Amino acid sequence: MRPLTEEESKAVFEKLANYIGKNLVHLIDRPDEPYCFRLHKDRVYYVSESSMRLGVSVARPSLISLGTCFGKFSKSGKFKLHVTSLDYLAQYAKYKVWIKPNGEMSFLYGNHVLKNHLGRITEDTPEHQGVVVYSMNDVPLGFGVTSRSTVDTRKLDPTAIIVFHQADVGEYLRDEDTLF
Amino acid sequence: MDVSDILAAQAEKHKAIAVEKEIPLDVDAGFLAVTDPNPIEKESYDENVEEYLQSTARDGVQVLLSALFSLPTTSSPDGPLAQLPPPTTTLPRAKPLPKPKPPTKWEKFARAKGIQKTRKDKKEWDEEKQEWVNRWGWKGKNKEEETQWLSEVPANADVDYDPTKKARDERKARVAKNERQHLQNLARAQASGAERKQRKADIDRTLATTRVSTASMGKYDKKLDGEKKLREVKRKFEPTEVSADVEKKNNLALLAKIGNVPAKRSKHEGNDAAINVRKAVRFASKGEGGVALARRAEGKAARGKAGRRK
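Residues numbered from 1 in each chain as written. Chains lettered and ligands numbered in written order. Predicted model: local features only at pLDDT ≥ 70, side-chain atom pairs only at ≥ 80, totals over all residues. Heavy atoms only, no water.

Engineer: Help me understand a positive patch on the surface, please; the structure alone is not making it clear to me.
Structural biologist: Residues and elements named next belong to chain B. Positive charge collects at one region of the surface, where Lys105, Lys108, Arg111 and Arg188 lie side by side. Ranked by residue count, the leading element in the positive patch is helix H4 (residues 105-113), at three residues. Its place among the elements puts arginine 188 in helix H5 (residues 163-191). (Patch = residues over 30% accessible without salt bridge, like charges linked within 9 Å, V, L, I, M, F, W, Y side chains within 5 Å. Areas by Shrake-Rupley, 256 points an atom, 1.4 Å probe, with all protein chains shown as cover. Salt bridge = Lys/Arg side-chain N within 4 Å of Asp/Glu carboxyl O. Lys, Arg positive; Asp, Glu negative; His and termini not counted. Charge placed at Lys NZ, Arg CZ, Asp CG, Glu CD. Helix = DSSP H or I, 4+ residues; strand = E, 2+ residues; numbered from the N terminus.)

Engineer: Where do I start with the domain arrangement of chain A in this structure?
Structural biologist: Accessible area lost upon the coming together of the parts is a frequently used measure of interface size. Residue and element names in this part refer to chain A. If you check the domain split of chain A, you get domain 1 (2-81) and domain 2 (93-174). For domain 1 and domain 2, the distance between their C-alpha centres works out to 26 Å. Counting residues at the interface gives six residues for domain 1, matched by nine residues for domain 2. Where domain 1 abuts domain 2, roughly 590 Å² becomes buried across the two surfaces, and 49% of that area is made up of carbon and sulfur atoms. If you sort the residues of domain 1 by the area they bury against domain 2, Asn18, Tyr19 and Leu81 come out on top, with a joint share of 78%. Linking domain 1 with domain 2 are zero salt bridges, by the criterion used here. Viewed at the interface, domain 2 and domain 1 are joined by three residue pairs in polar contact (both at pLDDT 80 or more). A class-by-class count of the residues in the side of domain 1 that touches domain 2 yields three nonpolar, three polar and no charged. (Domains from an automatic or database assignment. Contact = heavy atoms within 4.5 Å. Buried area = accessible area lost by both parts, 1.4 Å probe. Polar contact = N/O pair within 3.5 Å; in protein donor to acceptor, adjacent residues only side chain to side chain. Nonpolar A, V, L, I, M, F, W, Y, C, P; charged D, E, K, R; others polar.)

Engineer: Got a minute to help me understand the pattern of salt bridges in this structure?
Structural biologist: Oppositely charged side chains are able to pair whenever their charged atoms sit close together. If you walk through the whole model with that rule in mind, you get 21 salt bridges over all chains. We note a salt bridge from Arg2(A) to Glu8(A), for which the minimum N-O separation is 3.0 Å. Residue Arg2(A) is classed as buried on the basis of its relative accessible area, which comes to 14%. In this structure, a network of salt bridges that share partners links the residues Lys21(B), Asp36(B), Arg58(B) and Asp59(B). (Buried < 20%, exposed > 50% of the residue type's maximum accessible area, 1.4 Å probe, protein only.)

Engineer: Where do I start with empty space enclosed by the protein in this structure?
Structural biologist: Gaps left between atoms show up when a probe the size of a water molecule is rolled over them. All told, the structure shown has one cavity of 30 Å³ or more when counted by the stated rule. Empty space within the largest cavity amounts to approximately 30 Å³. Every element with two or more residues in the lining of the largest cavity is listed here: strand S2 (35-40) of chain A together with helix H7 (244-258) of chain B. Along the lines of polarity and charge, the residues of the lining of the largest cavity split into four nonpolar, one polar and two charged. (1 Å grid on protein atoms, 1.4 Å probe; cavity = no way out; pocket = protein on both sides within 12 Å on 5 of 7 lines; lining within 4 Å. Points joined across faces, edges and corners; volume = space filled by probe spheres on them.)

Printed below as a string of structure tokens:
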């Protein structure tokens, strides 16, 4: 377990800012308790300072996980967000997409969001923008990237992809052994 | 008796060897060169180029030859010989000026101390011989001690003490020392160059690169004797238990630096405000834009005033 280097922090922040924009400050500067990012076995954990200090005393091979896993670094140094970060993304998300009940299962099996499954979408969402996907009763289901801006979606046919799938809560079951 | 023909012929003959030019030609007999600084006469040049060039060349050669024939001559079996004068035209150097030599250690010291260089003659006055002798070299004065037929032996000298050998050894040692210092000066002059250092660094870097440039990253390469282990870049991380405040500050500074809004999005939306101003304007003006909105507001105010007056 170690703090992130500057490049690593930059990679993580840029990825997070894609979903929550300037709300990223609220993750770093929390009023309740100081939180920090820690890297352990290529995974980035968002952890309160008190648990981090407890975790220091655990030997590196014995430490399985701590705090919330936000994602992992690939061998080439790119950062990939995991669905475990969804709690924080959903809390601070700037752009949201709600999907109809008939599209929920499709999305939870790892498919992209189609236009006919789209319930609502935040107005003025640009294209290639990180969005959090909710069910119609505001339960966060995952996140993805928009393929078109909100204005452009109106002209599309019902089977066109609106949001590219990146992560969904179904991964808690599908990738249980590699996720955390 | 009519001599006009003879006079005319004579004048013609003289005319042939005299060259009349507005600006006299520059003759450099030392280089056998003539320079014609006169501008080209356009009319005759356009008329016949070949003829014009030929006449100019002829004039030049004529002037040069008359300059050569006016030189003082000496007779020789092959005929009269003339010595060419030293050249007057200054030519530029072919090579750059030599660089000043780097100062020796003594020269540096002497300059720092303000010691003036005094030139010694090669010859030295010998009182005994009453003549000038060489300081060093053949029959040099520095070998005087070695050639004495009688010399003093110190009281505590060894049995095999040889004053001649001792003096010679001392002299040879001085020569060797001087040679050593000379070599050291040369080495210092070489080493002080930044160029040399740069080249050494380049070679080291190239060597380090080639050592890891095989398929196995140099793992199975044949090791040379005395080959050092490659130094890798040492990674340095912050301590794990760094104060959360410090870390927060660092992170916020980093956020400010990266501007935390990706460049992609800033194209679509300049600011992060709650209201999208552009959209609001578009809505209020029914898609006609801000200028139309302002004009309409103005018109409405004017109409309102007019109504009141009524």
